[in-house]
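# Observations on chain architecture
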Amino acid sequence: RWLPVLRRRCGMAGKRLSGTGLAAEGRVLRAVLYVYHSRLLRHRPYLALQQVEQCLKRLWKMNLVGCIETLAGLIPKQNTPQAPAECLVPSQPMLETVALKVLGGCKLILRLLDCCCKAFLLSVQHLCSEEFILLNTVASGLLSRLWFVIQYRCVLQSLISLYGILLTSLRLVSETQQMPYIKGFTFPSDISNFLGVNVSSEVKKQKARMLTTKKPTSWLKKLFPTMPEAVSVVGKKRRFATCTSAVKNRNIPCPVDIGEPVL
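Residues numbered from 1 in each chain as written. Predicted model: local features only at pLDDT ≥ 70, side-chain atom pairs only at ≥ 80, totals over all residues. Heavy atoms only, no water.

Applying the stated rule across the entire model yields four salt bridges. A salt bridge links D114 to K118; its shortest N-O distance comes to 3.2 Å. Of this pair, D114 and K118 both sit in helix α5 (residues 92–128), four residues apart, which is roughly one turn of the helix. When its relative accessible area of 17% is taken as the criterion, D114 is described as buried. Given a relative accessible area of 42%, K118 falls into the partly exposed group. Taking the shortest distance from any N to any O, the salt bridge between R171 and E175 comes out at 3.7 Å. Of this pair, R171 and E175 both sit in helix α7 (residues 155–176), separated by four residues, roughly a single helical turn. (Salt bridge = Lys/Arg side-chain N within 4 Å of Asp/Glu carboxyl O. Helix = DSSP H or I, 4+ residues; strand = E, 2+ residues; numbered from the N terminus. Buried < 20%, exposed > 50% of the residue type's maximum accessible area, 1.4 Å probe, protein only.)

Moving on to the confidence of the model for the protein chain. Averaged over every residue, the pLDDT of the protein chain is 77; residues scoring 70 or more account for 78%. Across residues 227–257 the pLDDT falls below 50, and counting only partners more than four positions away or on other chains, this stretch makes 24 contacts in the model. (pLDDT = per-residue confidence, 0-100. Contact = heavy atoms within 4.5 Å.)

In the structure shown here, the tally under the stated rule is zero disulfides. Among the cysteines around C55, which has no disulfide bond, C115 carries the closest sulfur, lying 4.1 Å off. Using a relative accessible area of 7% as the deciding quantity, one classes C55 as buried. The closest cysteine sulfur to the non-disulfide-bonded C116 is located on C115, 7.3 Å from its own sulfur. For C116, a relative accessible area of 0% translates into the label buried. (Disulfide = S-S within 2.5 Å.)

If you walk through the whole model with that rule in mind, you get one aromatic pair. Here F185 and F187 contribute two aromatic rings whose centre-to-centre distance is 5.2 Å and whose plane-to-plane angle is 85°, an arrangement assigned as edge-to-face. With a relative accessible area of 15%, F187 lands in the buried category. We note K107 situated over the ring of F194; from NZ or CZ to the ring centre the distance is 5.4 Å. (Phe/Tyr/Trp six-rings, centres within 6.5 Å; stacked < 30°, edge-to-face > 60°. Lys NZ or Arg CZ within 6 Å of the ring centre and 35° of its normal.)

Next comes the structure, spelled out in structure tokens:
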């Protein structure tokens, strides 16, 4: 009964981890760091961006997606209508390896969200000081999108859900045949205690900090003259605003990028 649930949650976690949004934001981040490497070696937002890039690099190098897909491939796709005396299940060493990697992935993604939040606050702070306007504008937009992609796609939540069914599977398999592979480590029954924080409250706290940050409106008004408020549109259409001063001689509405992810 738990095999279909395990296969479904493996597919969901792998799909959300290997999404195009997360990979695209990572490529843009590496390109920004490459362009500004020789100019801003000691700039605080740049150093914070390097920490974000390091977390992303470690997440890809641990090959969490490949390990989850390997586990999903070991689960039989169809069950016979009659309950057999024996059935094929993933071995205890395989379940322990994936569970350990999921725990490390959760820790790493939580650290990545925290680094994104701190780097975003630093970028906005230097924007208010009118320092390196171009870099900090790009960095603040990039970091907010990366944080939003991880949170919107529920990457961390899917891994936590996968760990719950992995722990149940590990207990059932170990009761059938004892083959311990990872010794000297006890898998936590409550992942919140292992992570050290309540995930939902921590994410809400980070979101509140990012939304209540002082906005650099003084120099933005110089670059972009006053614009009317965006008009809400019925349905799923994007919000648009008319750049009146920039297009005085044209009656063409100018879309304003407010940091929403591109579908």
